[in-house]
Amino acid sequence: PSWVFEHRNPRDRPVVVVSSGRVISAGKAARRAGVEPGISAERVPALCPGATIALRDSDLEAAEWEESLHQLNSITPFIENAPAPYVYFRSRDLADIRKLAAQLKAQVAFASNRSIALLAAIRAAPGNVLAVRPQHQLNFLRHFPIERVDELGFDVDMIEQLVLLGFDSLGAAHRLSLKHLKAQFGEGGEKLFELIHPEDDPAVPIYQPPRVIRETYDFDWPCTEPHELLRILDHLVDRLNTAMQPEKCRRLQIAARTYGGGAPLFVSRVLIEPISGLKPLLNAAQILIHKILFRGIQIEMIAIEAGALRSANPTQTTLFRQRPSLMKAVGAVHKKYPGSI
């Protein structure tokens, strides 16, 4: 959750995400200042003055995750979408992977199996790629503090017991048998054994992207006039709006194919709020299209795509126009500045 806000607004201020009055996620700078998940939101200003406090937005998290997978899919088709924030993929294009990791400030690792790759990604610095060769796996486990597996959902009591027994690293726990771990810790022990004794993994499958709504227009002749392109964009947005009913989207993308077989042009945007309706869609699309227009461009095909779809909440309308709700205005301020009112 904190990565979402750091990624959307890259600033030097620490980021803390709260829900129901409690901290659920904090950026690296905030954690260094002592902010931990579970503490009350009121303690954050005292521990980390100047921190940006944001309310959790699950829809925004899903939209940003879908956008990140879309960018990864532009590099490789072999993606296994594990629950966020983890994803397994296979690619030989290391240069593009490093570039994407730096852009997303993601922690990326390569290994011969999923378990070691996941553990190595935890150790990787944000924006960097770490590689663990098969012959170095055991040595890597010896230097992996067992306390770090709490990030994978392991029980804190189990970790503390292992440390008290002298198994302070995954390399030390590697000596324990499945029978020992399962007898002492049950399903948690079995899960730990499978993590540090990985078997042969199945191949990473072809990526199955989430459902999107897409409208496309092919020009008979390459389009070079911006006003003509904007006219076609209006037509595509109108069709997209009709196809989306009664859904809303949180991510919008425009793709274009240029004359002469050049690289396709892509531009996308994760929206502040889920939108629907002709006017909001048209406003967002016009902002996007100007990011790919340049002098001398010749476009053969243009497409607009709505992603991160969700069902629209039904509302009771009135016969006569009313002033906007005061609660709606206060809610918008509270979302941007939690606790200020």
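A quick note: this is a predicted structure, and the numbers were derived from the prediction, not measured.

How each quantity is defined
- Along every chain, residues carry numbers that run from 1 in the direction the sequence is written.
- Whole-chain, interface and lining totals are the exception, using all residues; otherwise, since this is a predicted model, local features are given only for residues with pLDDT of at least 70 and side-chain atom pairs are given and counted only at 80 or more.
- Values shown for side chains rest on all heavy atoms present in the structure; no hydrogens or waters enter the calculation.
- To count toward a patch, a residue needs a relative accessible area over 30% and no salt bridge; like charges are then connected within 9 Å, while nonpolar side chains (Val, Leu, Ile, Met, Phe, Trp, Tyr) are connected within 5 Å.
- Exposure was quantified through the Shrake-Rupley algorithm and a 1.4 Å probe, taking into account, for residues, occlusion by the shown protein chains and nothing else.
- One side-chain nitrogen of Lys or Arg within 4 Å of one carboxyl oxygen of Asp or Glu is enough to make a salt bridge.
- Helix and strand assignments come from DSSP, with helices taken as H or I runs of at least 4 residues and strands as E runs of at least 2, each series counted from the N terminus.
- Two strands pair if DSSP finds at least two bridges between them.
- To obtain each axis, a line is fitted to C-alpha atoms, and for helices this fit is confined to the stretch in contact; angles are then taken between N-to-C directions over 0 to 180 degrees.
- Put simply, the grid is 1 Å and covers the protein atoms alone, a cavity is a trapped set of points that fit a 1.4 Å probe, a pocket is an open set with protein on both sides within 12 Å along at least five of seven lines, and lining residues have an atom within 4 Å of a point.
- Grid points are joined across faces, edges and corners, and a volume is the space filled by probe spheres set on the points.
- Polar here means any residue other than Ala, Val, Leu, Ile, Met, Phe, Trp, Tyr, Cys and Pro, which are nonpolar, and Asp, Glu, Lys and Arg, which are charged; Gly is therefore polar.
- Type-normalised accessible area, obtained with a 1.4 Å probe on protein chains alone, sets the label of each residue: buried when under 20%, exposed when over 50%, and partly exposed for intermediate values.
- Residues belong to a common nonpolar core when they are buried Ala, Val, Leu, Ile, Met, Phe, Trp, Tyr or Cys residues joined through side-chain atoms within 4.5 Å.
- In what follows, a contact means two residues having at least one pair of non-hydrogen atoms within 4.5 Å.

Quick look at a nonpolar patch on the surface now. On the surface, a cluster of nonpolar side chains totalling about 510 Å² of accessible area is made up of Leu326, Val330, Val333, Tyr337 and Ile341. Considering the arrangement of structural elements, one finds Val333 in helix 14 (residues 326-336).

Moving on to the sheet that holds strand 2 (residues 22-26). Pairing in this open sheet of three strands is mixed, and the strands run 2-1-3 from one edge to the other. Since the sheet does not close on itself, it has two edges, and those belong to strand 2 and strand 3 (52-55), each with one partner. Across the sheet, the mean angle from the axis of one strand to that of its neighbour is 35°, orientation sign disregarded. As defined by bridge partners, strand 1 (residues 15-19) adjoins strand 2 across four bridges and the pair is classed as antiparallel. Among the inter-strand pairings, Ser19 is bridged to a residue of strand 2, identified as Arg22.

The next subject is the layout of surface pockets. Take a probe with the size of a water molecule and roll it over the atoms, and the empty space left behind shows itself. Reported here for the second largest pocket is a volume of approximately 970 Å³. Lining the second largest pocket are 31 residues, with Phe5, Arg8, Asn9, Leu60 and Ile272 sitting closest to its centre. Put simply, the parts of the chain that give the lining of the second largest pocket at least two residues each are helix 1 (2-8), strand 3, helix 4 (58-73), strand 10 (265-275) and helix 14. Broken down by element, the lining of the second largest pocket gets its largest block of residues, five residues, from strand 10. Among the residues making up the lining of the second largest pocket, the classes are represented as 13 nonpolar, six polar and 12 charged.

Before going further, it helps to examine unusual backbone geometry. Only a minority of non-glycine residues have a phi that is not negative, and only a minority of peptide bonds are not trans. Geometrically, the link from Ala84 to Pro85 is a cis peptide bond, its omega value of 10° lying close to zero. Assignment of secondary structure puts Pro85 in the loop between strand 4 (79-80) and strand 5 (88-89). Here the bond from Gln245 into Pro246 is cis, since omega is 0°, no more than 30 degrees from zero. The phi torsion at Ala308 lies on the positive side, around 50°, for a residue other than glycine. Here Ala308 is to be found in the loop between strand 11 (299-307) and strand 12 (310-311).

In terms of burial, strand 9 (residues 247-258) is largely enclosed, as 10 of its 12 residues are buried. Across two bridges, the pairing between strand 9 and strand 12 is antiparallel. In the sheet register, Glu247 faces strand 12, and the bridge partner there is Ser311. Of the pairings in the sheet, the one linking strand 9 to strand 10 comprises seven bridges and is antiparallel in character. Each bridged residue has a counterpart across the sheet, and for Arg251 the counterpart in strand 10 is Val270. The turn linking strand 9 back onto strand 10 is made up of six residues, and Gly260 within it adopts a positive phi angle of 100°. Looking at chain direction, strand 9 and strand 11 are connected through eight bridges and run antiparallel. For Thr258, the partnering residue across the bridge sits in strand 11 and is Ile299.

A word on the nonpolar core. Of all hydrophobic cores here, the largest spans 31 residues; its most connected members are Leu119, Phe140, Val149, Phe154, Leu162, Leu170 and Leu192. Where this core is concerned, the elements lending two or more residues are helix 6 (114-123), helix 7 (137-142), helix 8 (156-164), helix 9 (170-173), helix 10 (178-185) and helix 11 (187-196). Among the elements that line this core, the one with the most residues is helix 6, at six residues. Residues contacting Val149, with those up to four places away along its chain left out, are Phe144, Phe154, Ile159, Leu170 and Leu195. Core analysis: the second largest hydrophobic core is formed by 28 residues, Leu229, Leu236, Cys249 and Ile292 among them.

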